[in-house]
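Listed below, chain by chain, are the residues.
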Amino acid sequence: MAKSSETYVCQSCGNITAKWAGRCEACGEWNTIEAQAAEAGPPGSLGGGAGKSKARKIEFTSLAGGGEAPPRIPSGNNEFDRACGGGLVPGSALLIGGDPGVGKSTLLLQIAAGLGRGNQSVAYISGEEAPAQIRMRAGRLKVQDTPVHLAAATNLRDILATLKTEKPDVVIIDSIQTLWSDAHPAAPGTVTQVRACAHELVRYAKKSGAVVLLVGHVTKDGHIAGPRVVEHLVDAVLYFEAEQGRDFRILRAVKNRFGAAHEIGVFEMTSKGLEEVANPSSLFLTDGGEAASGAAVFAGIEGTRPVLVEIQALVSPSSLAAPRRSVVGWDSARLSMLLAVLDTRAGLDFGRHDVFLNIAGGLRIQEPAADLAAAAALCSSLFDAPLPAQCVVFGETALSGSVRPVNQSDARLKEAQKLGFTSAVAPAGVASADLKIREASTLADLAAWVRTAD
Ligand code: TYD
Ligand code: MG
C-alpha cells in the first residue's frame with residue numbers, strides 16, 4: 001500500500017490521481033492538477049458490522065402520494081422566478097454562475113430585498129464584500145430599507161452554527177469560492193473546499209427546509225470555477241450571462257430539478273440596478289426601418305417562452321480555396337451543414353462565398369427550428385433580396401433539403417402576431433387565422449420564394 005500522504009486533485013473536475021500530471025486524464029484540462037494532503041483514511045469494510053458506528057435501518061416508502069407540485073416562494077421578480085421554474089422551492093439549493101462583474105451580487109441583493117418585502121427572512125452572507133460596500137449598493141438600488149440580514153463571513157462552521165439558530169427562510173452565499181471549512185486542510189477556492197462547503201450547505205438546505213442560493217464564479221471556458229462537482233450537488237444551476245458591450249443580461253437555467261431547463265429570464269443593467277425585461281423580443285429585433293437583405297426574423301422558443309429574434313447573414317464572393325465561415329450565436333457545425341444542403345439540394349453556390357452569420361442581440365440559439373430562418377437570411381443575402389417586412393420564419397431542415405414541422409407552432413405565431421407581424425414562412429401543415437402563411441416544404445421552395453420575394 002502506498003505510504004504517500006499526498007494525492008493529486010484536478011481543480012476543474014475533481015478527479016483524484018496518485019501521480020501529478022500536466023493534463024487531467026479525466027477532463028483533458030491542462031495545469032489543473034494540484035497536490036493535496038490525503039483525506040481521512042479508508043473507511044474499512046462497511047459490511048458485517050466491522051465498523052465502529054452502528055448502522056440504522058432505513059425506512060422505505062411508496063411512490064404514491066406527494067403528487068402535488070412543490071410550494072414556491074415568489075421573489076417578486078418575475079424574470080428571476082421564471083428562470084427558477086416559478087419561484088424558489090423550500091429546501092432546495094441553487095447555484096448562480098457567471099463571469100465576475102456580470103451582476104450576480106446585484107441580482108441577488110435585489111432578490112433578497114424582494115423576498116424581504118414578501119415577509120421572508122433572508123440572510124445575505126458575503127465573503128467578498130464588507131457590509132459597508134453592500135449597504136452602498138443597496139442604497140444605489142434603493143432597497144436599503146428592506147429587512148435583509150447582512151453578514152460578512154467565510155468560515156463555514158460559523159455560518160452553519162449561525163444559520164441553525166437564526167433559521168432564515170432563504171440564505172444567499174456570495175460566493176461559494178470564498179468559503180472554507182476547517183475540517184479540510186485544502187486552501188479556500190480549491191475543488192476540495194468548494195465541494196465540501198457546497199455539500200454541507202446543500203445538506204443544510206434539505207434538513208432545514210431553507211432555500212440556499214450559492215453564487216459561483218465561472219472560469220474563462222465557461223465552467224463554474226473548479227467544481228463542476230457543485231453542479232451535481234445542487235437542485236438547479238442558473239447561468240447569468242452578458243454579451244460584451246451590452247446592457248442586458250440573461251439568466252439561463254441549465255439544470256432544474258423543479259422546473260424546465262433552458263428557461264430564461266431577461267434583465268437590463270441600468271444605473272438603478274437590474275430591471276426586468278418583460279418582452280425580450282424587443283431586444284432581439286432591430287428597429288423596423290427599411291428591410292435590408294440578409295435579415296430574417298426567427299420565431300423561436302426559449303424555455304417555455306416564445307421569443308422573436310433577428311438572424312443576420314452576410315454572404316460575399318470569396319477568392320479563398322476554403323471560404324470563411326464565421327458564426328456568432330449559432331452552432332458552426334449546423335451552419336456548415338445548412339450551407340452544404342442549400343448548395344446540393346437547392347442548387348446554390350455558397351461554396352464560393354464567405355459566409356457570416358450573426359444572431360442579433362447576443363442571444364445563443366440552440367433550437368433546430370432556426371434552420372429555416374437561417375437559410376432565409378443566407379439566401380436573402382446571396383440574392384441581395386430583402387425578405388418582406390413583418391414576416392417571421394421557422395422550421396427545421398433535413399439533409400434531404402425537406403423542411404420538417406417543429407413544436408409549438410401556435411405559440412410562435414401568436415407571439416409574432418402580438419408584435420405586429422403579418423406573415424410567416426413555415427413548414428407545410430401550419431395554419432393560422434391571423435397571419436398569412438407561406439408554406440415551405442423544401443429549401444429549394446424557400447430559395448425560389450426569397451429570390452422573387454412576393
Ligand atoms: P456585481 O453585481 O458586483 O457583479 P458580480 O457579483 O457578478 O461580480 O455587478 C457589478 C457591475 O454592475 C459593475 O460593473 C457595475 C454594474 N452596476 C450597474 O451598472 N448598476 C447598478 O445599479 C449596480 C449595483 C451595478
Ligand atoms: Mg459579486
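Reading guide: rules and limits
- Residues numbered from 1 in each chain as written.
- Chains lettered and ligands numbered in written order.
- Predicted model: local features only at pLDDT ≥ 70, side-chain atom pairs only at ≥ 80, totals over all residues.
- Heavy atoms only, no water.
- Near = heavy atom within 4 Å.
- Polar contact = N/O pair within 3.5 Å; in protein donor to acceptor, adjacent residues only side chain to side chain.
- Areas by Shrake-Rupley, 256 points an atom, 1.4 Å probe, with all protein chains shown as cover.
- Helix = DSSP H or I, 4+ residues; strand = E, 2+ residues; numbered from the N terminus.
- Pairing = 2+ DSSP bridges.
- Phe/Tyr/Trp six-rings, centres within 6.5 Å; stacked < 30°, edge-to-face > 60°.
- Buried < 20%, exposed > 50% of the residue type's maximum accessible area, 1.4 Å probe, protein only.
- Lys NZ or Arg CZ within 6 Å of the ring centre and 35° of its normal.
- Axes fitted to C-alpha atoms, helices over the stretch in contact; angles between N-to-C directions.
- Domains from an automatic or database assignment.
- Contact = heavy atoms within 4.5 Å.
- Buried area = accessible area lost by both parts, 1.4 Å probe.
- Salt bridge = Lys/Arg side-chain N within 4 Å of Asp/Glu carboxyl O.

**What about the site of ligand 1?**
No. 1: The full set close to ligand 1 counts 16 residues, and Gly101, Lys104, Ser105, Thr106 and Thr270 are the nearest of them.
No. 2: At 2.6 Å from an oxygen atom of ligand 1 is found a side-chain nitrogen or oxygen belonging to Ser105.
No. 3: Considering ligand 1 on its own, with 560 Å² of exposed area, one finds that the protein chains cover 75% of that surface.
No. 4: Breaking the shell around ligand 1 down by element, the ones donating at least two residues are helix 2 (104-117), helix 3 (131-140) and strand 11 (264-270).

**Remarks on the pairing of strand 11**
No. 1: Of the strand pairs in this sheet, strand 10 (residues 248-256) and strand 11 are connected by five bridges, and their pairing is antiparallel. Along strand 11, the bridge assignment pairs Arg252 with Ile264.
No. 2: Counted along the chain from strand 11 to the antiparallel partner strand 12 (residues 273-276), the turn is two residues long.

**Re the packing of aromatic side chains**
No. 1: Tallied over the full model, the rule gives one aromatic pair.
No. 2: Centre to centre, the rings of Phe240 and Phe267 are 5.9 Å apart; their planes meet at 80 degrees, and the pair counts as edge-to-face. Of this pair, Phe240 sits in strand 9 (residues 236-242) while Phe267 sits in strand 11, and the two are 27 residues apart along the sequence. The same class applies to Phe240 as to Phe267, namely buried.
No. 3: In this structure, Arg451 packs its charged tip against the face of Phe383, placed 4.2 Å from the ring centre.

**Here we look at the sheet that holds strand 11**
No. 1: One open sheet accounts for nine strands, arranged 6-5-7-8-4-9-10-11-12; its pairing is mixed. The open sheet has two edge strands, strand 6 (148-152) and strand 12, and neither has a second partner. Strand after strand, the sheet turns through a mean of 25 degrees between neighbouring axes, direction not considered.
No. 2: Looking at chain direction, strand 7 (residues 170-174) and strand 8 (residues 211-217) are connected through four bridges and run parallel.

**Some details on the domain arrangement of the chain**
No. 1: Taken domain by domain, the chain consists of domain 1 (4-39), domain 2 (78-278) and domain 3 (283-452).
No. 2: One C-alpha centre belongs to domain 2, the other to domain 3, and the line joining them spans 37 Å.
No. 3: Taken together, the contact between domain 2 and domain 3 spans 16 residues of the former and 11 residues of the latter.
No. 4: For the pairing of domain 2 and domain 3, the buried interface totals around 1,200 Å² over both sides, and the portion due to carbon and sulfur atoms is 49%.
No. 5: Sorting the residues of domain 2 by area buried against domain 3 places Phe248, Arg252 and Ile264 first, and these three jointly supply 37% of that buried surface.
No. 6: Taking the shortest distance from any N to any O, the salt bridge between Glu302 and Arg252 comes out at 3.4 Å.
No. 7: Breaking the side of domain 2 that touches domain 3 down by element, the ones donating at least two residues are helix 1 (78-83), strand 10 and strand 11.

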